[in-house]
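Now for the letters of each chain:
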Amino acid sequence: MSVSTVGWRRIEPSARTAVLAAGDLAAILLFVAIGEYQHGYNPLVDVGRVAGTFAPFLVGWVLMAGAAGLYATDATADLRRTLGITVVSWILAVVVAMALRATAVFQGDAALTFAFVSILFGGAFLCLWRAIATLAFS
């Protein structure tokens with residue numbers, strides 16, 4: 001891998017990338033909204049709360065998915081590779097999100113159980129979306 005393919009340079013500006021990014025964000029937002037609903041909040045009414053919960057995951061995902069090449073030209077070339085990179089990127093994104101939630105800047109805390117639930121359910125939503133996208137784009 002050359003230096004020119006590391007990090008942010010692996011993001012291809014295209015309509016396909018925009019669709020992938022929109023689907024990723026929708027999957028993460030769905031995970032957050034369902035979680036808020038399960039905890040007694042109405043995601044359609046408590047929009048600020050949802051946004052506050054979503055923000056650290058968004059930061060983590062943008063950093064990790066971009067660095068991992070999930071928005072590169074070959075991001076949907078192989079289903080097995082795509083899902084493997086998605087899982088690793090999501091786990092790292094959750095680590096970033098929990099670190100951010102442990103600060104005074106973001107709401108919530110960095111409970112270990114929440115991290116595991118986030119990895120499991122958020123990862124499932126992302127992997128489902130990425131599998132659909134990979135099959136659709138190939």
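Just above sits the structure.
Every value quoted in this text rests on a predicted model; they were computed, and no experiment measured them. The written sequence of each chain sets the order in which its residues are numbered from 1. Residue-level local features of this predicted model are given only where pLDDT is at least 70; pairs of side-chain atoms are given and counted only at 80 or more, and the full residue set underlies all totals for whole chains, interfaces and linings. Computation of side-chain values: all heavy atoms of the structure, hydrogens and water removed.

A. Main features of the nonpolar core. Residues Ile28, Val32, Phe57, Trp61, Trp90, Val94 and Leu126 are the most contacted members of the largest nonpolar core, which totals 20 residues. Runs of E in the DSSP output that reach at least two residues are strands. Runs of H or I that reach at least four are helices, and both are numbered from the N terminus. Contributing elements (two or more residues each) for this core: α1 (15–38), α2 (47–68), α3 (79–101) and α4 (112–137). Beyond its immediate chain neighbours, meaning those up to four positions away, Leu126 contacts Asp24, Ala27, Ile28, Trp61, Thr86 and Trp90. In these notes, a set of buried Ala, Val, Leu, Ile, Met, Phe, Trp, Tyr and Cys residues joined through side-chain atoms within 4.5 Å is what counts as a nonpolar core. Only protein chains enter the area calculation, which uses a 1.4 Å probe; residues under 20% of their type maximum are buried, those over 50% are exposed, and those in between are partly exposed. Note on contacts: a residue pair is in contact if any heavy atoms of the two residues lie within 4.5 Å.

B. View of the packing of α2 against α3. Axis angles are defined between N-to-C directions and span 0 to 180 degrees, where every axis is a line fitted to C-alpha atoms and, for a helix, only to the segment in contact. Where α2 meets α3, the closest approach of the two axes is 7 Å, and the angle between their N-to-C directions is 140°. In terms of their interaxial angle, α2 and α3 are classed as oblique. Crossing geometry of α2 relative to α3 is assigned as right-handed. Two secondary-structure elements touch here, α2 through Thr53, Pro56, Phe57, Val59, Gly60, Trp61, Leu63, Met64, Ala65 and Ala68 and α3 through Ile85, Thr86, Ser89, Trp90, Leu92, Ala93, Val94, Val96, Ala97, Met98, Leu100 and Arg101. In the scheme used here, Gly and all other residues not listed as nonpolar or charged are polar, with Ala, Val, Leu, Ile, Met, Phe, Trp, Tyr, Cys and Pro taken as nonpolar and Asp, Glu, Lys and Arg as charged. Residues that form the contact of α2 with α3 fall into these classes: 17 nonpolar, four polar and one charged. Comment on the angle field: the value is read as roughly parallel under 35 degrees, roughly antiparallel over 145, roughly perpendicular from 65 to 115, and oblique elsewhere. By convention, the crossing between two helices is left-handed when the near helix turns anticlockwise from the far helix through less than a right angle, and right-handed when the turn is clockwise.

C. Just the pattern of salt bridges, in detail. The salt bridge definition used is simple: a Lys or Arg side-chain nitrogen within 4 Å of an Asp or Glu carboxyl oxygen. Using the criterion set out here, one finds three salt bridges in the structure. Across the salt bridge formed by Arg16 and Glu12, the nearest N and O atoms sit 2.8 Å from each other. On the basis of relative accessible area, Arg16 is assigned to the buried category, the value being 17%. Between Glu36 and Arg49 there is a salt bridge whose closest N-O contact spans 2.7 Å. Here Arg49 lies in helix α2 and Glu36 lies in helix α1, a separation of 13 residues in the sequence. For Glu36, a relative accessible area of 5% corresponds to the buried category. On the accessibility criterion, Arg49 (33% relative accessible area) is partly exposed.

D. Representation of the packing of α1 against α4 within the structure. Contact geometry of α1 with α4 gives a least axis separation of 9 Å together with a crossing angle of 150°. In terms of orientation, α1 and α4 fall into the roughly antiparallel class. Both α1 and α4 take part in a crossing whose hand is right-handed. Facing α1, whose interface residues are Arg16, Val19, Leu20, Gly23, Asp24, Ala27, Ile28, Leu30, Phe31 and Ile34, α4 presents Phe114, Val117, Ser118, Phe121, Gly122, Phe125, Leu126, Trp129, Arg130, Ala133 and Phe137. Across the contact of α1 with α4, the residue classes tally to 15 nonpolar, three polar and three charged.

E. Inspection of the side chain of Asp24 at higher detail. Relative to the helices and strands, Asp24 is located in helix α1. The buried category is assigned to Asp24, whose relative accessible area is 0%. Any N or O atom pair separated by 3.5 Å or less is treated as a polar contact, with the protein-specific requirement of one donor-capable and one acceptor-capable atom, and with residues adjacent in sequence counted only for side-chain atom pairs. Only 2.5 Å separates the side chain of Asp24 from the side chain of Tyr71, close enough to count as a polar contact.

F. Inspection of α1 at higher detail. In this scheme, a helix's expected span is set at 1.5 Å multiplied by one less than its residue total. The terminal C-alpha atoms of α1, which comprises 24 residues, lie 34 Å apart, in line with the 34 Å expected from a rise of 1.5 Å per residue. Those residues of α1 that fall on the buried side of the exposure criterion are Arg16, Thr17, Leu20, Gly23, Asp24, Ala27, Ile28, Phe31, Val32, Ala33 and Glu36. At its buried positions, α1 is contacted by α2, α3 and α4. Backbone geometry just after α1 places Gly40 at a positive phi near 90°.

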